[in-house]
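So you can see what is in the structure, the chains are spelled out below.
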Number of protein chains: 2
Amino acid sequence: MELFTVVGLAAGFCTTLAFLPQAIKTWTSKSAKDISLGMYMIFCTGVVLWLIYGIMIEDLPIILTNAVTLMLALSILYFKLTFKE
Amino acid sequence: MELFTVVGLAAGFCTTLAFLPQAIKTWTSKSAKDISLGMYMIFCTGVVLWLIYGIMIEDLPIILTNAVTLMLALSILYFKLTFKE
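Since the structure is predicted, the reported quantities are computational estimates derived from the model, not experimental observations.

### Regarding the interface of chain A and chain B
Step number 1: On the chain B side, the residues contacting the 35 residues of chain A number 35 residues.
Step number 2: Its largest share of buried area at the contact with chain B, chain A owes to A:Asp34, A:Met39 and A:Ile42, together 19% of the area lost on that side.
Step number 3: The interface formed by chain A and chain B contains 0 salt bridges.
Step number 4: Elements supplying a minimum of two residues to the side of chain A that touches chain B: helix H1 (3-17), helix H2 (19-29) and helix H3 (37-56) of chain A.

And the structure:
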């Protein structure tokens, strides 16, 4: 495997995995006051577009990483809409 | 321009722009209690790796979008470290 492929995979792993501690923190604290609703609305829209892009160009890594990111980001968006301050 | 290129550009635009409302909200509220430190540490690491990946494969869109995302995500990380609860 080429070095740039390893760097790209590590990059995708980090930017996907990053949303897990936020999802866990928001779920356990039941507080989402400081979370921006606008951020997660725009971000989830973007990740859906990345998924569509991955399907259009038939790129499995783009499809898989964005499917996981979407589940995590949607859960944070749901918590934001659910937990009252 | 092909349709998939438009979808990809729109996707990158959204997932980059999304961090702006969070940065503005955190800056104006001076509160980052509900923001996950782990998320922004892992996320910034991932975006740096995306930047290195973009430079390695000489892909200008990857370099530019991740440069903007890094500035926004780093500012949120800085606010998280600066603003006491």
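### Let's talk about the relation of the copies chain A and chain B
Step number 1: Its rotation angle being 180°, the transformation that places chain A on chain B also includes 0.0 Å of axial translation and leaves an RMSD of 0.0 Å. Taken together, the rotation and translation relating the two chain copies correspond to the operation of a two-fold axis. No C-alpha of chain A lies nearer the rotation axis than that of A:Asp34, which sits 2.6 Å from it.
Step number 2: Both copies contact each other with a shared surface, as 100% of the interface residues of chain A are interface residues in chain B too.

### Section: the packing of H3(A) against helix H2 (residues 19-29) of chain B
Step number 1: For the pair H3(A) and H2(B), the least separation of the axes is 7 Å and the interaxial angle reads 170°. For the element pair H3(A) / H2(B), the angle class is roughly antiparallel. Residues A:Gly38, A:Met39, A:Ile42 and A:Phe43 of H3(A) touch H2(B), and the partners they reach there are B:Phe19, B:Pro21 and B:Gln22.
Step number 2: Its residues assigned to classes, the contact of H3(A) with H2(B) shows 5 nonpolar, 2 polar and no charged.

### Focus on the confidence of the model for chain A
Residues and elements named next belong to chain A.
Step number 1: In the predicted model, chain A carries a mean pLDDT of 95, and the fraction of residues at 70 or more is 99%.
Step number 2: Of all the helices and strands in chain A, H1 carries the lowest mean pLDDT, 95, while H2 carries the highest, 98.
Step number 3: Two summary scores accompany this predicted model of the complex, namely pTM at 0.93 and ipTM at 0.92.

### Some remarks on the pattern of salt bridges
Step number 1: Inspection of the entire model under this criterion finds 2 salt bridges over all chains.
Step number 2: The residue A:Asp34 makes a salt bridge to A:Lys33 at a minimum N-O spacing of 3.0 Å.

### Concerning a nonpolar patch on the surface
Step number 1: Among the surface-exposed residues, A:Met1, A:Leu3, A:Phe4, A:Val6, A:Leu9, B:Val48, B:Ile52, B:Met56 and B:Ile57 lie close enough to one another that they form a single nonpolar patch of about 810 Å² accessible area.
Step number 2: Contributions of two or more residues to the nonpolar patch are made by H1 of chain A together with helix H3 (37-56) of chain B.
Step number 3: Take the nonpolar patch: its biggest share by element is 4 residues, from H1(A).
Step number 4: With respect to the helices and strands, A:Phe4 occurs in helix H1.

Rules behind the numbers
In this numbering scheme, every chain counts its residues from 1 along its sequence in written order. The lettering of chains begins at A and the numbering of ligands begins at 1, in the order of writing. Where local features are concerned, this predicted model is filtered to residues with pLDDT of at least 70; where side-chain atom pairs are given and counted, the filter is 80 or more; whole-chain, interface and lining totals use all residues. To obtain the side-chain values, all non-hydrogen atoms of the structure were used and water was disregarded. The contact criterion used throughout is that any non-hydrogen atoms of two residues lie within 4.5 Å. When two components associate, each loses some accessible surface as probed by a 1.4 Å sphere; the sum of these losses over both components is called the buried area. We define a salt bridge as a side-chain nitrogen of Lys or Arg found within 4 Å of a carboxyl oxygen belonging to Asp or Glu. Helix and strand labels come from DSSP, where a helix needs a run of H or I of at least four residues and a strand needs a run of E of at least two; each type is numbered from the N terminus. We superpose the copies by least squares over the C-alpha atoms of residues that have a pLDDT of at least 70 in both of them. Every axis in this analysis is a line fitted to C-alpha atoms, fitted for helices over the stretch in contact. Angles between the N-to-C directions lie between 0 and 180 degrees. Orientation is classified from the angle alone, with under 35 degrees giving roughly parallel, over 145 giving roughly antiparallel, 65 to 115 giving roughly perpendicular, and any other angle giving oblique. Side-chain classes follow a simple rule in which Ala, Val, Leu, Ile, Met, Phe, Trp, Tyr, Cys and Pro form the nonpolar group, Asp, Glu, Lys and Arg form the charged group, and the remainder, Gly included, forms the polar group. Each residue carries a pLDDT score, the predictor's own confidence in it, on a scale running from 0 to 100. The patches described consist of residues with a relative accessible area above 30% and no salt bridge, like charges being joined within 9 Å and nonpolar side chains (Val, Leu, Ile, Met, Phe, Trp, Tyr) within 5 Å. Using a 1.4 Å probe, the Shrake-Rupley method yields the accessible areas, and only the shown protein chains count as cover for residues.

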